[in-house]
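Understanding the architecture of this molecule
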Amino acid sequence: RNVQINVNARGLANAANNASRLNQNLLNIQNNTQRIGNQGAQNIRNAGNAAGAASRNAESFNTGLGNVVLTMAKFRLASAAINLVVKGFKDAFSEMKAVDSEMVNIRKVTGFTADEMERLSKNAYSLASKYGRSASGVLSAETVFARAGYTDQIEQLGELSLLLQNVGDLQADDAAKFVVATDKAYKLGGSYEKLMTVIDGLDNITNKNATDMQKMTEGMTVAGSVFAESGESIEMFAALLGTATANTQRSGS
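Please read all numbers here as calculations on a predicted model, not as lab measurements. (Residues numbered from 1 in each chain as written. Predicted model: local features only at pLDDT ≥ 70, side-chain atom pairs only at ≥ 80, totals over all residues. Heavy atoms only, no water.)

Quick word on the pattern of salt bridges
Applying the stated rule across the entire model yields 4 salt bridges. Its salt-bridge partner being K177, residue D173 comes within 3.0 Å of it at the nearest N-O pair. On the criterion of helical spacing, the pair formed by D173 and K177 is a turn pair, its members being 4 residues apart in helix 7 (residues 172-185). Relative accessible area serves as the criterion here: at 39%, D173 is assigned to the partly exposed category. Residues D212 and K215 are paired through a salt bridge, measuring 3.1 Å at the closest nitrogen-oxygen approach. Using a relative accessible area of 16% as the deciding quantity, one classes K215 as buried. (Salt bridge = Lys/Arg side-chain N within 4 Å of Asp/Glu carboxyl O. Helix = DSSP H or I, 4+ residues; strand = E, 2+ residues; numbered from the N terminus. Buried < 20%, exposed > 50% of the residue type's maximum accessible area, 1.4 Å probe, protein only.)

Quick look at the structure:
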């Protein structure tokens, strides 16, 4: 943004001049005092005049010094504003580098065209704004899904990961692993609707029982495939997890 800094150079110069005059007036007082014995009442009057001038100059000096202090305060505020701007540029540059790195990773796996990558980038910034996350974080989750074999669905699965992070206070990596593990275990085909139903169900369990999303998703990530192969439905597995973690207060794993 535009930052304007005004430095009161005249105030600084006046303060310096007043200090010099004050020093000279004090010397005059000293000299006049030494000559009081010889010059009598006249020198007393001279000393009084010098003292009055010194007092006025002292007051002027104080005013000038006040201007200096005010100017320095303004300068400190302006410096703080400039530092915020500089930090903003540094953070933005780091984020741009992170986004570029994730874009390279996704393109290596998916083979998307330049137009497809451009659309993916714009959507990542849109999702980041919607869910209060960074664009690089969105693309990082989408990289996990791309490496897991998803292509056309990575944006929808990325949004599910963001939703899970916000609802369950999960780390990005944990949320993405849960989505992949659950989808693979119960062969949901990467369906946004089916996976959303699972997340809604887990959220409902955590709202009504003494457990949390971290415990639930951890257990499903670790053992979901085992329960799926044994023929247990995802609803039954979620119920077992909710009961076990609520009563033992131990982690899902």
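As for the packing of aromatic side chains
Applying the stated criterion to the full structure yields 2 aromatic pairs. With 6.3 Å between their ring centres and 80 degrees between their planes, F145 and Y150 make a pair best called edge-to-face. Comparing F145 with Y150, the two get one shared label, buried. Ring geometry for F227 and F237: centres 4.2 Å apart, planes at 15 degrees, overall stacked. Note that F227 is positioned in helix 9 (residues 213-229) and F237 in helix 10 (residues 234-248), a separation of 10 residues in sequence. Classification of F227 as partly exposed rests on a relative accessible area of 26%. Its guanidinium or amino end placed over the ring of Y150, K184 lies 4.9 Å from that ring's centre, counting from NZ or CZ. (Phe/Tyr/Trp six-rings, centres within 6.5 Å; stacked < 30°, edge-to-face > 60°. Lys NZ or Arg CZ within 6 Å of the ring centre and 35° of its normal.)

Considerations on helix 8 (residues 192-208)
Spanning 17 residues, helix 8 covers 24 Å between terminal C-alpha atoms, matching the ideal 24 Å at 1.5 Å per step. Here helix 8 has its buried residues at L195, M196, V198, I199, L202, I205 and T206. (Expected span 1.5 Å × (residues − 1).)

What to know about unusual backbone geometry
A positive phi angle is found at D169, which is not glycine, with a value near 55 degrees. Along the chain, D169 turns up in the loop between helix 6 (154-168) and helix 7. Residue classification places D169 among the exposed positions, given a relative accessible area of 67%. Positive phi, close to 55 degrees, is recorded for Q249, a residue that is not glycine. Structurally, the position occupied by Q249 is in the segment after helix 10.

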